[in-house]
Amino acid sequence: MSTTKIIGIALLVCGVLGLAYGGFTYTKSSSDVDLGVVSFEVQEKEHVNIPIWIGIGLAVAGGALLLVPSSKS
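Bear in mind that the values here come from a model prediction, so they are computed numbers and not experimental data.

Novice: Lay out the overall build of the chain in plain terms, naming residues and giving numbers.
Specialist: Counting its secondary structure elements, the chain contains two helices and two strands. Each helix (α) and strand (β) of the chain, taken in turn from the N terminus, gives the series α-β-β-α. Of all 73 residues assigned to the chain, the portion counted as buried reaches 11%. Considering only intrachain contacts with a sequence separation of at least 6, the fraction spanning at least 24 residues in the chain is 55%. As displayed, the chain has an accessible area near 5,800 Å², and 65% of this comes from carbon and sulfur atoms. Charge centroids of the chain, computed over 4 positive and 5 negative side chains, lie 29 Å from each other.

Novice: Account for the environment of L67, with residues named and values stated.
Specialist: Checked against the element boundaries, L67 lands in helix α2 (residues 52-67). For L67, a relative accessible area of 74% gives the class exposed. Along the chain, L67 and G8 lie 59 residues apart, while their C-alpha atoms are 9.0 Å from each other.

Reading the values: rules and limits
Residues numbered from 1 in each chain as written. Predicted model: local features only at pLDDT ≥ 70, side-chain atom pairs only at ≥ 80, totals over all residues. Heavy atoms only, no water. Helix = DSSP H or I, 4+ residues; strand = E, 2+ residues; numbered from the N terminus. Buried < 20%, exposed > 50% of the residue type's maximum accessible area, 1.4 Å probe, protein only. Contact = heavy atoms within 4.5 Å. Areas by Shrake-Rupley, 256 points an atom, 1.4 Å probe, with all protein chains shown as cover. Lys, Arg positive; Asp, Glu negative; His and termini not counted. Charge placed at Lys NZ, Arg CZ, Asp CG, Glu CD.

Printed below as a string of C-alpha coordinates:
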(Lines give C-alpha, C1' and ligand atoms only; values in the text may rest on other atoms or scores of the structure.)
Protein backbone atom coordinates (compact mmCIF):
# COMPACT_ATOMS: atom_id res chain seq x y z
CA MET A 1 0.00 0.00 0.00
CA SER A 2 1.46 3.33 -1.04
CA THR A 3 1.94 6.34 1.16
CA THR A 4 -0.67 8.27 -0.83
CA LYS A 5 -3.32 5.65 -0.08
CA ILE A 6 -2.46 5.61 3.64
CA ILE A 7 -2.70 9.42 3.84
CA GLY A 8 -5.98 9.26 1.90
CA ILE A 9 -7.46 6.74 4.32
CA ALA A 10 -6.32 8.81 7.33
CA LEU A 11 -7.85 12.01 5.91
CA LEU A 12 -11.08 10.23 5.04
CA VAL A 13 -11.40 8.75 8.54
CA CYS A 14 -10.62 12.11 10.20
CA GLY A 15 -13.17 13.86 8.01
CA VAL A 16 -15.92 11.34 8.75
CA LEU A 17 -15.18 11.42 12.49
CA GLY A 18 -15.19 15.23 12.43
CA LEU A 19 -18.61 15.20 10.79
CA ALA A 20 -19.98 12.52 13.10
CA TYR A 21 -18.84 14.00 16.41
CA GLY A 22 -18.56 17.70 15.58
CA GLY A 23 -15.63 18.20 17.96
CA PHE A 24 -13.80 16.73 20.90
CA THR A 25 -13.54 17.32 24.65
CA TYR A 26 -10.44 17.34 26.82
CA THR A 27 -9.78 17.98 30.51
CA LYS A 28 -7.51 20.84 31.53
CA SER A 29 -6.00 20.75 35.03
CA SER A 30 -4.70 23.82 36.82
CA SER A 31 -3.35 24.38 40.32
CA ASP A 32 -5.24 27.29 41.83
CA VAL A 33 -4.17 27.36 45.49
CA ASP A 34 -1.00 25.97 47.04
CA LEU A 35 -0.83 26.42 50.84
CA GLY A 36 2.17 24.33 51.82
CA VAL A 37 0.90 20.80 52.37
CA VAL A 38 -2.59 21.61 51.08
CA SER A 39 -3.18 22.32 47.42
CA PHE A 40 -6.35 22.61 45.44
CA GLU A 41 -6.49 21.54 41.83
CA VAL A 42 -9.23 22.52 39.43
CA GLN A 43 -10.14 20.40 36.42
CA GLU A 44 -12.08 22.05 33.63
CA LYS A 45 -13.58 20.31 30.62
CA GLU A 46 -12.94 22.15 27.38
CA HIS A 47 -14.78 21.44 24.13
CA VAL A 48 -13.28 22.15 20.71
CA ASN A 49 -15.75 22.43 17.84
CA ILE A 50 -14.74 21.23 14.39
CA PRO A 51 -16.52 23.18 11.65
CA ILE A 52 -18.55 21.15 9.16
CA TRP A 53 -16.61 22.52 6.19
CA ILE A 54 -13.34 21.15 7.60
CA GLY A 55 -14.86 17.67 8.00
CA ILE A 56 -16.23 17.76 4.46
CA GLY A 57 -12.92 19.06 3.10
CA LEU A 58 -10.92 16.31 4.81
CA ALA A 59 -13.31 13.62 3.59
CA VAL A 60 -13.22 14.92 0.00
CA ALA A 61 -9.42 15.24 0.03
CA GLY A 62 -9.05 11.72 1.42
CA GLY A 63 -11.44 10.31 -1.19
CA ALA A 64 -9.58 12.13 -3.95
CA LEU A 65 -6.26 10.69 -2.81
CA LEU A 66 -7.76 7.21 -2.80
CA LEU A 67 -9.01 7.65 -6.38
CA VAL A 68 -5.66 8.84 -7.73
CA PRO A 69 -4.07 5.98 -9.69
CA SER A 70 -0.83 4.73 -8.18
CA SER A 71 2.26 5.12 -10.31
CA LYS A 72 4.50 2.08 -10.58
CA SER A 73 8.11 2.87 -11.30
